[in-house]
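For reference, the chains in residue letters:
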Amino acid sequence: DKDLIKKAKAVLDGNFQEKGYSIPCKGLYPFQWKWDSGFIAIGFAHYDMGKAKLEIETLLNAQWGNGFIPHIIFHVDTDTYFPGKDFHQSELHPLSNKKYPSTGMTQPPVLGFTLEKMYSIAKNKTDILNFIEKNIDKVYNNHKYFYENRDPQNEGLVYIYHNWESGTDNSPLWDDIWETMDSPEYTFTRRDTDLVDPSQRPSKREYDHYLHIIEIAKQHNYSDEKIAELSPFLVQDPLFNSMLIKSNYSLISLYRILGNNEDKIEQLKQWQKKSIASFNKKLFDEELGAYIHYDLRNEKPIRFVSSSSFSPLFAGIPSKERAQIVVNTMLAKFGDDNMYLCASFDPTNERFNPKKYWRGPVWINLNWILYFGLKDYGFNEVAQRVKEDSIELIEKAGFYEYFDARKAIYNSEKGGYGGNNFSWSAALLLDLIN
Ligand code: DGY
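Going along each chain's sequence as written, the residues are numbered from 1 onward. Side-chain atom pairs in this predicted model are given and counted only at pLDDT of 80 or more, local residue features only at pLDDT of at least 70, and totals for whole chains, interfaces and linings cover all residues. Each side-chain value is derived from all of the structure's non-hydrogen atoms; neither hydrogens nor water enter the calculation.

(A) Here's a closer look at the sheet that holds strand S6 (residues 235–236). What makes two strands pair is DSSP finding at least two bridges between them. The secondary structure listing takes helices from DSSP runs of H or I that are at least 4 residues long and strands from runs of E that are at least 2 residues long, numbered from the N terminus. Spatially, the four strands line up as an open sheet ordered S5-S6-S9-S10, and their pairing is antiparallel. The sheet is open, and its two edges are formed by strand S5 (159–160) and strand S10 (300–302), each paired on a single side.

Okay, structure coming up:
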């Protein structure tokens with residue numbers, strides 16, 4: 001659809017900033033976000049490789065001395081977002097990047113597969129390989145950071161210490177963790193709920209918890225060791241770890257193409273072996289027939305099915321037999337004929353909320369991940385359904401941030417929620433239809 005492609009490009013071009021990065025959308029998100037940038041670069045790669053490269057370079061410029069890459073880079077001064085840089089104070093960390101104010105938390109490691117995607121899309125392979133050669137070690141160092149600092153029990157599974165690190169910010173997955181915390185009632189002024197209907201955003205009480213975890217990290221200058229010891233939120237997330245494992249594979253492929261990187265390839269393979277074995281052992285729930293999260297702080301599995309539960313398909317983690325089980329679960333719980341694939345949280349669970357951010361709506365980035373995962377395993381029909389549903393949602397509602405999964409809603413309501421003209425919805429649509 002030529003018209004849709006044109007519109008998608010207009011969204012991306014409209015969100016690209018002079019400093020060489022994209023905002024996720026106007027109003028709600030005025031800075032650079034880590035995993036957004038990866039998806040956005042994949043969209044740009046289809047028609048403007050210069051911008052795709054800038055997007056990634058600008059993000060990597062903000063990398064810390066220890067390999068860490070933050071989740072938000074505060075490139076501009078604005079009081080239209082809370083919590084901003086004065087709240088996060090990531091400069092407390094001794095190895096933080098003093099040139100680029102940022103948060104002290106990260107987001108899913110998408111850059112490895114972003115680089116590989118850019119390589120496969122690029123027409124000029126020499127040029128893109130030069131670019132990759134210049135930047136790939138930074139991504140490798142980021143993975144090294146994760147394995148060396150975020151795996152206290154040496155399992156090959158890295159933890160996240162904040163729900164904002166998961167990317168699935170207010171998922172019902174975290175509800176029981178909030179119950180274990182006794183966060184103070186903070187006084188603050190949110191800006192997101194001025195811009196978006198509060199019924200589509202996290203609650204005030206959830207924000208108290210979000211801030212409280214950051215306060216604890218700040219008290220310890222964002223020390224990984226102290227966070228591992230003290231953070232009330234410490235989770236092994238199948239989505240986050242799938243992104244890492246997928247990106248490991250991509251780094252191996254790219255290093256092979258570049259040549260002369262045997263040591264790094266060897267190290268990556270060792271990480272892979274251990275990660276995939278632990279992943280299948282620890283994060284698969286036989287009874288639910290799906291991958292699940294693990295609460296490392298309270299040492300217990302978080303037994304819910306979310307769209308993250310299917311992301312291991314994208315990273316080649318399950319065996320063929322297990323992949324079939326996972327897809328059966330997806331279709332049984334999320335695949336009703338009246339529903340678009342794929343809701344972000346189990347529609348058959350009482351915690352499902354079709355309008356509230358990550359508590360139910362469909363997200364295009366997860367659909368993109370599932371589409372390629374399903375295709376890799378040969379589930380072509382389901383893959384096609386995910387792709388067609390994604391395109392139909394955007395056609396019906398526009399380039400929204402998230403979408404109602406219930407088909408009937410679109411007869412009477414808009415169905416698209418959160419921010420509009422949202423970059424990754426546009427970027428990944430371009431990749432899906434190309
Ligand atoms: C937000 O502000 O909701 C962001 O998703 C945090 O990363």
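(B) Molecular detail of the pattern of salt bridges. Salt-bridge detection follows one rule: a side-chain nitrogen of Lys or Arg within 4 Å of a carboxyl oxygen of Asp or Glu. Using the criterion set out here, one finds 29 salt bridges in the structure. One salt bridge in this structure joins Lys 282 and Glu 155, with 2.8 Å as the shortest N-O distance. Of this pair, Lys 282 sits in helix H13 (residues 262–282) while Glu 155 sits in the loop between helix H6 (125–149) and S5; the two residues are 127 residues apart in sequence, bridging distant segments of the chain. For the exposure calls, accessible area comes from a 1.4 Å probe over protein chains only, and a residue counts as buried if that area is under 20% of its type's maximum, exposed if over 50%, partly exposed in between. You can call Lys 282 partly exposed: its relative accessible area is 22%. Looking at Glu 155, the relative accessible area reads 15%, which means it is buried. Between Asp 208 and Lys 204 there is a salt bridge, and its shortest N-O distance comes to 2.7 Å. Taken as a pair, Asp 208 and Lys 204 lie in helix H10 (residues 204–219) at a separation of four residues, close to a single helical turn. What you see here is one network of salt bridges that share partners, running through Glu 185, Lys 204, Arg 205 and Asp 208.

(C) The environment of His 93, seen in detail. Considering the arrangement of structural elements, one finds His 93 in the loop between helix H4 (85–88) and helix H5 (111–121). A relative accessible area of 7% means that His 93 is categorised as buried. A sequence separation of 129 residues divides His 93 from Tyr 222, and the C-alpha atoms of the two residues are 5.5 Å apart. Residue contacts for His 93: discarding those within four places in its chain leaves Trp 64, Asn 66, Lys 98, Asn 221 and Tyr 222. Two residues form a contact once any of their heavy atoms are found within 4.5 Å.

(D) Main features of helix H12 (residues 238–258). Every helix has an expected span of 1.5 Å times one less than the residues it contains. For H12, spanning 21 residues, the distance from its first C-alpha to its last is 30 Å, which sits close to the expected 30 Å at 1.5 Å a residue. Among the 21 residues that make up H12, 17 are buried, leaving the element largely enclosed by the rest of the structure. One side-chain oxygen of the residue at the start of H12 lies 2.7 Å from the amide nitrogen of Leu 239, identifying that residue as Asp 237. Of the residues one or two after H12, Gly 259 is the one with positive phi, at around 80 degrees. Polar contact is defined as a pair of N or O atoms within 3.5 Å, subject to the rule that within protein one atom must be able to donate a hydrogen and the other to accept it, and that residues adjacent in sequence are counted only when both atoms are side-chain atoms.

(E) Quick look at the site of the ligand. The cutoff for a nearby residue is simple: one of its non-hydrogen atoms must lie within 4 Å of the molecule or strand. Taken together, Tyr 29, Trp 33, His 71, Tyr 81, Trp 164, Asp 169, Arg 201 and Tyr 357 make up the full set of residues adjacent to the ligand. His 71 has a polar side-chain atom sitting 2.8 Å from an oxygen atom of the ligand. Arg 201 places a polar side-chain atom, nitrogen or oxygen, 2.8 Å from an oxygen atom of the ligand. Isolated, the ligand exposes 230 Å² of accessible area, and the fraction of that covered by the protein chains is 94%. Put simply, Ala, Val, Leu, Ile, Met, Phe, Trp, Tyr, Cys and Pro go in the nonpolar bin, Asp, Glu, Lys and Arg in the charged bin, and everything else, Gly too, in the polar bin. Tallied by class, the residues present in the shell around the ligand amount to five nonpolar, one polar and two charged. Reported accessibility uses the Shrake-Rupley method at a 1.4 Å probe radius. Residues are deemed covered only where the shown protein chains occlude them.

(F) Main features of unusual backbone geometry. Here the bond from Phe 82 into Pro 83 is cis, since omega is 0 degrees, no more than 30 degrees from zero. Within the secondary structure, Pro 83 sits in the loop between strand S4 (72–73) and H4. The residue after Leu 341, namely Cys 342, is reached through a cis peptide bond having omega -5 degrees. Among the secondary structure elements, Cys 342 is positioned in the loop between helix H14 (320–334) and helix H15 (364–376). Backbone geometry at Gln 89 places phi at a positive 45 degrees, although glycine is not the residue there. Considering the arrangement of structural elements, one finds Gln 89 in the loop between H4 and H5.

(G) Geometry of the side chain of Asn 135. Within the secondary structure, Asn 135 sits in helix H6. The buried category is assigned to Asn 135, whose relative accessible area is 2%. A distance of 2.9 Å separates a polar atom in the side chain of Asn 135 from the backbone oxygen of Phe 131. Each residue touching Asn 135, except ones within four places of it in the same chain, is listed here: Glu 57 and Leu 60.

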